[in-house]
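What the coordinates show
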Amino acid sequence: MVLGLESSCDETAAAVVTAEGDILSNIVLSQTEEHAPFGGVVPEIAARAHVTQMDRLVGLAMNKAGIGYDDLSAVAATAGPGLIGGVLVGLMTAKAIAVVAEAPLIGVNHLEGHALTARLTDKVAFPYLLLLVSGGHSQLLIVEGVGKYRRLGTTIDDAVGEAFDKTAKMLDLGFPGGPAVERWAAKGNADRFDLPRPLKGREGCNFSFSGLKTAVRQTREKLGPAATDQDIADLAASFQKAAVDSLMDRVANALDQFAEVTPSGGTLVVAGGVAANRYLKENLEIQTAARGVRLVVPPAKLCTDNGAMIAWAGLERFRLGLTDPLDLAARARWPLDPDAKPAPFAGYKA
Ligand code: KG4
Ligand code: ZN
């Protein structure tokens, strides 16, 4: 069994997963309250919170699993990409445990953790198409095997979860924004405001959300201080529809490209926090059903950041003998597909 640590963003997490894929413990501590006053994740606050909590969470995860450090076949931790101060906390903790337990260290790419979760939950076989939509990333990838990814598209500016969070902030709906926007959107008229669908109808599978964000801001400003709750709900619904429309257009192009690799339908896997959005899921269900593609959306608890996905990715790598030296460096940027062209304004999100 493998212990997996995650600390690349605003969740401190530790989990123990067996080689058979049983999750013995999966403890996630969200820092939502620490960041809420700022309406977004503050890197320094995140790093300090990881330092304060990580040891305790490891203890909890080991206790809940009912195992000792000697029982571990390996210790896995996110080694990037993400907020470097946080990544260092999890990776250094994993190194210390690996030394004491005399178990190999496995540095996991956080995105690979998301990418392989569907194999833990649904035993999905390679290759499959992955839509990764979170607060930090928006990507479409063909997952060919452990460590083998072909990126079809990425965001050229903001991630889609970030667009939900920023919309929530502009509309004063609270943090984290995604679930709040979805709640308000349920009460609104999605056709009231004509917002842009970035890159819709264009070639390729890249994403862009900054233009949509600007349009939401301008619409909010036009509504002025007299905006009613109904106005806000209509704007939230119009934003959600535009964001999902834009995603669906990109997914359609990716499914076309994927069909060349897997003519017999294949599987589309969705990962990342935005996978919890019901409107997105309904649209994906319609699109995949029409094409005879299987849709796999792991439970929300395993789609958002957690330690089990890191432990599982660690297990997949361990099976292939892919362990790491103790001087492994943390990486702020770490694309899954090193051959993909860098996206100029996306930073570590690409
Ligand atoms: O995967 P995750 O937990 O962390 C990152 O790696 O970023 O994703 C968090 C993101 C946030 O931006 C949050 O607003 C978004 O996922 N999110 C949602 C929903 N639930 C979470 N976005 C839209 N609708 C939701 N129901
Ligand atoms: Zn994530």
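What comes next concerns the included structure. Just so you know, these numbers come straight off a predicted model, no measurement behind them. (Residues numbered from 1 in each chain as written. Chains lettered and ligands numbered in written order. Predicted model: local features only at pLDDT ≥ 70, side-chain atom pairs only at ≥ 80, totals over all residues. Heavy atoms only, no water.)

For the pair helix α5 (residues 160–170) and helix α8 (residues 229–261), the least separation of the axes is 11 Å and the interaxial angle reads 170°. Judged by the inter-axis angle, α5 sits roughly antiparallel to α8. Mapping the contact onto sequence places Val160, Ala163, Phe164 and Thr167 in α5 and Phe239, Gln240, Ala243 and Leu247 in α8. Residue classes in the contact of α5 with α8 are distributed as 6 nonpolar, 2 polar and no charged. (Axes fitted to C-alpha atoms, helices over the stretch in contact; angles between N-to-C directions. Helix = DSSP H or I, 4+ residues; strand = E, 2+ residues; numbered from the N terminus. Parallel < 35°, antiparallel > 145°, perpendicular 65-115°, else oblique. Contact = heavy atoms within 4.5 Å. Nonpolar A, V, L, I, M, F, W, Y, C, P; charged D, E, K, R; others polar.)

Turning to the site of ligand 1, a few remarks are in order. The immediate surroundings of ligand 1 are formed by 19 residues, with Gly135, Asp165, Gly178, Glu182 and Asn277 found nearest. Within the backbone of Gly135, a nitrogen or oxygen atom sits 2.8 Å from an oxygen atom of ligand 1. Computed on the free molecule, ligand 1 has an accessible area of 550 Å², of which 90% lies beneath the protein chains in the complex. Its atoms largely coinciding with the cavity grid, ligand 1 occupies the largest pocket. Those elements giving two or more residues to the shell around ligand 1 turn out to be α4 (110–122), α5 and α6 (177–185). Split by residue class, the shell around ligand 1 holds 5 nonpolar, 11 polar and 3 charged. When residues of the shell around ligand 1 are assigned to domains, at least three fall in each of domain 1 (2–115 + 302–335) and domain 2 (127–297). (Near = heavy atom within 4 Å. Polar contact = N/O pair within 3.5 Å; in protein donor to acceptor, adjacent residues only side chain to side chain. Areas by Shrake-Rupley, 256 points an atom, 1.4 Å probe, with all protein chains shown as cover. 1 Å grid on protein atoms, 1.4 Å probe; cavity = no way out; pocket = protein on both sides within 12 Å on 5 of 7 lines; lining within 4 Å. Sits in = over half its atoms within 2 Å of the grid points. Domains from an automatic or database assignment.)

The final tally for this structure, using the stated rule, is 3 aromatic pairs. Between the NZ or CZ atom of Lys187 and the centre of the ring of Trp184, over which it lies, the distance is 4.3 Å. (Phe/Tyr/Trp six-rings, centres within 6.5 Å; stacked < 30°, edge-to-face > 60°. Lys NZ or Arg CZ within 6 Å of the ring centre and 35° of its normal.)

Let us look at the nonpolar core. Leu131, Leu195 and Phe239 are the most contacted members of the largest nonpolar core, which totals 49 residues. For this core, the secondary-structure elements that each account for two or more residues are β6 (128–133), β7 (138–145), α5, α6, α7 (210–223), α8, β9 (267–271) and α9 (278–291). (Core = buried A, V, L, I, M, F, W, Y, C linked by side-chain atoms within 4.5 Å. Buried < 20%, exposed > 50% of the residue type's maximum accessible area, 1.4 Å probe, protein only.)

Judged by pairing direction, the sheet is mixed, and its 5 strands sit side by side in the order β3-β2-β1-β4-β5 without closing on themselves. Sheet topology places β3 (23–30) and β5 (105–109) at the edges, where each strand pairs with a single neighbour. Put simply, the sheet's adjacent strands are angled 15° from each other on average, direction ignored. Taken together, the 5 bridges between strand β1 (residues 2–6) and strand β2 (residues 11–17) define a ladder with antiparallel strand orientation. Opposite Val2, over in β2, you have Val17 as the bridge partner. Each of β1, β4 (74–80) and β5 is contacted by helix α3 (residues 84–101), which is oriented at about 160° to β4, the strand it contacts most. Strand contacts of α4: β1, β2, β3, β4 and β5, with the helix running at about 95° to β5, the strand carrying the most contacts. (Pairing = 2+ DSSP bridges.)

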